[in-house]
Amino acid sequence: MNCPSCGAPLRLAGGLTSLRCDYCRCVVPLAPDDEGMRYLDEVAELLCPVCAVPLWNATLANAPVHACKKCRGLLVAMGAFEGLVEGVRAQNPGGAMPAAGDDNELSRKLACPRCHRPMETHFYYGGGHVVMEDCERCEVNWLDSGAIKRIARAPQSESARESV
Ligand SMILES: [Zn+2]
Ligand SMILES: [Zn+2]
Ligand SMILES: [Zn+2]
């Protein structure tokens, strides 16, 4: 995204909720969508493994992710995953549990957006009945729309914490 007044490239400001122009010092707030996702810019070389459209640099609950505007799925680095779950949990303290995904998802095969190898499909270890994909090689997780909220809302057990 570029600065609306001078056209210089904007960079993420601290807190990951706004963009700043280093030249004219203007700040462009990023409005979250109804899922709390803030989209920054399109990453042409990173395609959604489900819809094959470019993913976007985005932030969710102050964690950096790559998100698909079409299916609302997201790619998150394994190192940022725990912070993302905690952030989403903090932002969604109440309300209904989002609907569970389909068990058929377990048999689907997605290719990693980064290395294009098949991703590992499994249930999230920490509960919430969530199917997720991961690529050990690229250290990324793929989550469908709503999955992160289910994980955040799942009852926390000691074993779940240890396995994250
Ligand atoms: Zn500017
Ligand atoms: Zn998609
Ligand atoms: Zn990969």
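What counts, and where the lines are drawn
- Residues numbered from 1 in each chain as written.
- Chains lettered and ligands numbered in written order.
- Predicted model: local features only at pLDDT ≥ 70, side-chain atom pairs only at ≥ 80, totals over all residues.
- Heavy atoms only, no water.
- Core = buried A, V, L, I, M, F, W, Y, C linked by side-chain atoms within 4.5 Å.
- Buried < 20%, exposed > 50% of the residue type's maximum accessible area, 1.4 Å probe, protein only.
- Helix = DSSP H or I, 4+ residues; strand = E, 2+ residues; numbered from the N terminus.
- Donors = N, O, S within 2.8 Å, 3.2 Å for Na, K, Ca; no water.
- Tetrahedral: all angles 85-135°; square planar, octahedral: opposite > 155°, others 65-115°.
- Expected span 1.5 Å × (residues − 1).
- Contact = heavy atoms within 4.5 Å.
- pLDDT = per-residue confidence, 0-100.
- Pairing = 2+ DSSP bridges.
- Axes fitted to C-alpha atoms, helices over the stretch in contact; angles between N-to-C directions.
- Salt bridge = Lys/Arg side-chain N within 4 Å of Asp/Glu carboxyl O.

Caption draft 1: The arrangement of the nonpolar core in detail. Within the largest apolar cluster, 24 residues are counted, with the highest numbers of intra-cluster contacts made by L74, F81, L84, L143 and I148. Those elements that provide at least two residues to this core are β4 (37–47), β5 (54–60), β6 (63–67), β7 (74–77), α1 (78–91) and α2 (147–153). Broken down by element, this core gets its largest block of residues, five residues, from α1. Counting 14 residues, the second largest nonpolar core, distinct from the first, contains C68, L75, M119 and V140.

Caption draft 2: Local environment of the coordination of the zinc ion (ligand 1). Taken together, the protein donors to the zinc ion (ligand 1) comprise C3 (SG), C6 (SG), C21 (SG) and C24 (SG), at separations of 2.2 to 2.3 Å. Coordination geometry of the zinc ion (ligand 1): the four donor atoms subtend angles of 99 to 125 degrees at the metal centre, consistent with an arrangement described as tetrahedral. Sequence positions of the donors to the zinc ion (ligand 1) reduce to the motif C-x2-C-x14-C-x2-C. Note that C6 is positioned in the segment before β1 (11–12) and C21 in the loop between β2 (18–20) and β3 (27–29), a separation of 15 residues in sequence. On the basis of relative accessibility, which here comes to 41%, the residue C6 falls in the partly exposed class.

Caption draft 3: Quick look at α1. The terminal C-alpha atoms of α1, which comprises 14 residues, lie 20 Å apart, in line with the 20 Å expected from a rise of 1.5 Å per residue. For α1, the complete set of buried residues consists of A80, F81, L84, V85, G87 and V88. Where α1 is buried, its residues touch β5, β6, β7, β9 (131–135), β10 (140–143) and α2.

Caption draft 4: Layout of the confidence of the model for the protein chain. Confidence along the protein chain averages 87 in pLDDT terms, with 90% of residues attaining 70 or more. Per-residue pLDDT, averaged within each element of the protein chain, yields its smallest value for helix α3 (residues 158–163) (50) and its largest for β7 (98).

Caption draft 5: Inspection of the sheet that holds β5 at higher detail. Spatial strand order, β4-β5-β6-β7-β10-β9-β8: seven strands in an open sheet with antiparallel pairing. The outermost strands of the open sheet, each flanked by one partner alone, are β4 and β8 (120–123). This sheet shows a mean twist of 30 degrees between the axes of neighbouring strands, independent of strand direction. Pairing of β4 with β5, which is carried by seven bridges, proceeds in the antiparallel orientation. Its bridge partner being in β5, V43 is matched across the sheet by L55. Contacts from α1 reach β5, β6, β7, β9 and β10, with the element oriented near 115 degrees to β7.

Caption draft 6: Structural view of the pattern of salt bridges. Under the counting rule described, the total for this entry stands at five salt bridges. We note a salt bridge from R11 to D22, for which the minimum N-O separation is 3.0 Å. Taken together, the positions of R11 in strand β1 and D22 in the loop between β2 and β3 put the pair 11 residues apart, joining distant regions of the chain. Among the residues examined, D22 registers a relative accessible area of 37% and is labelled partly exposed. Among the ionic contacts, a cluster of salt bridges with common partners joins D33, D34 and R72.

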